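Listed below are the residues making up each chain.
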Amino acid sequence: MKLEQLREFRQLAYECLGNAKDATFELADAVMTTRHVSCLGDASSQSLISA
């Protein structure tokens, strides 16, 4: 997949989210880039999610 296609997909996905777009997108990024997440609570303690 080309980088521009990925950027376009991410932007379209972001626009589909509700009021908490930034937090939801950060959570999705953390879950997809962290190997040892067994639940969303674990993801929130990862350094990838800003407080």
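Anything mentioned here points back to the structure above.
Visitor: I would appreciate a short explanation of the overall build of the chain in the present structure.
Guide: Counting its secondary structure elements, the chain contains three helices and zero strands. For the chain, buried positions account for 10% of its 51 residues. Approximately 4,400 Å² of the chain is accessible, and the part contributed by carbon and sulfur atoms is 57%.

Visitor: Any chance you could explain the pattern of salt bridges here in plain terms?
Guide: Opposite charge on two side chains lets them pair, provided their charged atoms get close. On inspection of all chains with the given rule, the structure shows one salt bridge. As a salt-bridge pair, Arg7 and Glu4 come within 3.8 Å of each other at their nearest N and O atoms. Taken as a pair, Arg7 and Glu4 lie in helix 1 (residues 3-16) at a separation of three residues, close to a single helical turn. Owing to a relative accessible area of 49%, Arg7 belongs among the partly exposed residues under this scheme.

Visitor: Explain a nonpolar patch on the surface here, please?
Guide: A cluster of nonpolar side chains, Leu3, Leu6 and Phe9, forms an exposed patch at the surface whose accessible area comes to about 310 Å². Within the secondary structure, Leu3 is located in helix 1. Relative accessible area serves as the criterion here: at 51%, Leu3 is assigned to the exposed category.

Visitor: Would you mind going over the packing of aromatic side chains with me for this structure?
Guide: For any pair of aromatic rings, the description consists of the separation of the ring centres together with the inter-plane angle of the planes. With the rule as written, the count across this model stands at one aromatic pair. When the centroid spacing of 5.6 Å and the interplanar angle of 90 degrees are considered together, the rings of Tyr14 and Phe25 count as edge-to-face. Of this pair, Tyr14 sits in helix 1 while Phe25 sits in helix 2 (residues 21-33); the two residues are eleven residues apart in sequence, bridging distant segments of the chain.

Visitor: When you look at the packing of helix 1 against helix 2 in this model, what are you seeing that I'm missing?
Guide: In a pair of packed helices, the angle between the axes and the distance between the axes together describe the arrangement. Interhelical geometry of helix 1 versus helix 2 gives an angle of 130 degrees and a closest axis separation of 9 Å. Of the possible angle classes, the one that applies to helix 1 and helix 2 is oblique. Helix 2 is crossed by helix 1, and the crossing has right-handed handedness. The residues of helix 2 that touch helix 1, namely those facing Arg10, Ala13, Tyr14 and Glu15, are Lys21, Asp22, Phe25 and Asp29. The residue inventory of the contact of helix 1 with helix 2, partitioned by class, reads three nonpolar, no polar and five charged.

Thresholds applied
What you see as residue numbers is a count from 1 along each chain, following the sequence as written. pLDDT decides what is reported in this predicted model: residues at 70 or higher carry local features, side-chain atom pairs at 80 or more are listed and counted, and totals for whole chains, interfaces and linings draw on all residues regardless. The side-chain numbers reported here are obtained from all heavy atoms of the structure, hydrogens and water having been left aside. Helix and strand assignments follow DSSP, with helices taken as H or I runs no shorter than four residues and strands as E runs no shorter than two, numbered in order from the N terminus. Accessible area is worked out with a 1.4 Å probe on protein chains only. A residue is then buried under 20% of its type maximum, exposed over 50%, and partly exposed in between. The Shrake-Rupley method, run with a 1.4 Å probe, gives the accessible areas here. Residue values count only the displayed protein chains as cover. Basic side-chain nitrogens of Lys or Arg form a salt bridge, by our definition, when they fall within 4 Å of a carboxyl oxygen of Asp or Glu. What makes a patch is a set of residues exposed beyond 30% relative accessible area and free of salt bridges, joined within 9 Å when like-charged and within 5 Å when nonpolar (Val, Leu, Ile, Met, Phe, Trp, Tyr). The pairing test for Phe, Tyr and Trp rings, Trp by its six-membered ring, is centres within 6.5 Å, and the orientation test on the planes gives stacked under 30 degrees, edge-to-face over 60, and tilted for anything in between. To define axes, lines are fitted to C-alpha atoms, for helices over the stretch in contact only, and angles between the resulting N-to-C directions are given on a 0 to 180 degree scale. Angles below 35 degrees are treated as roughly parallel, those above 145 as roughly antiparallel, those between 65 and 115 as roughly perpendicular, and all remaining angles as oblique. Here a crossing is taken to be left-handed if its near helix is turned anticlockwise relative to the far helix by less than a right angle, and right-handed if that turn runs clockwise. When checking whether two residues touch, look at their non-hydrogen atoms; a contact exists if any pair is within 4.5 Å. Three classes are used: nonpolar for Ala, Val, Leu, Ile, Met, Phe, Trp, Tyr, Cys and Pro, charged for Asp, Glu, Lys and Arg, and polar for all others, with Gly counted as polar.

In short, the description is geometric, and any link to function would need to be established separately.
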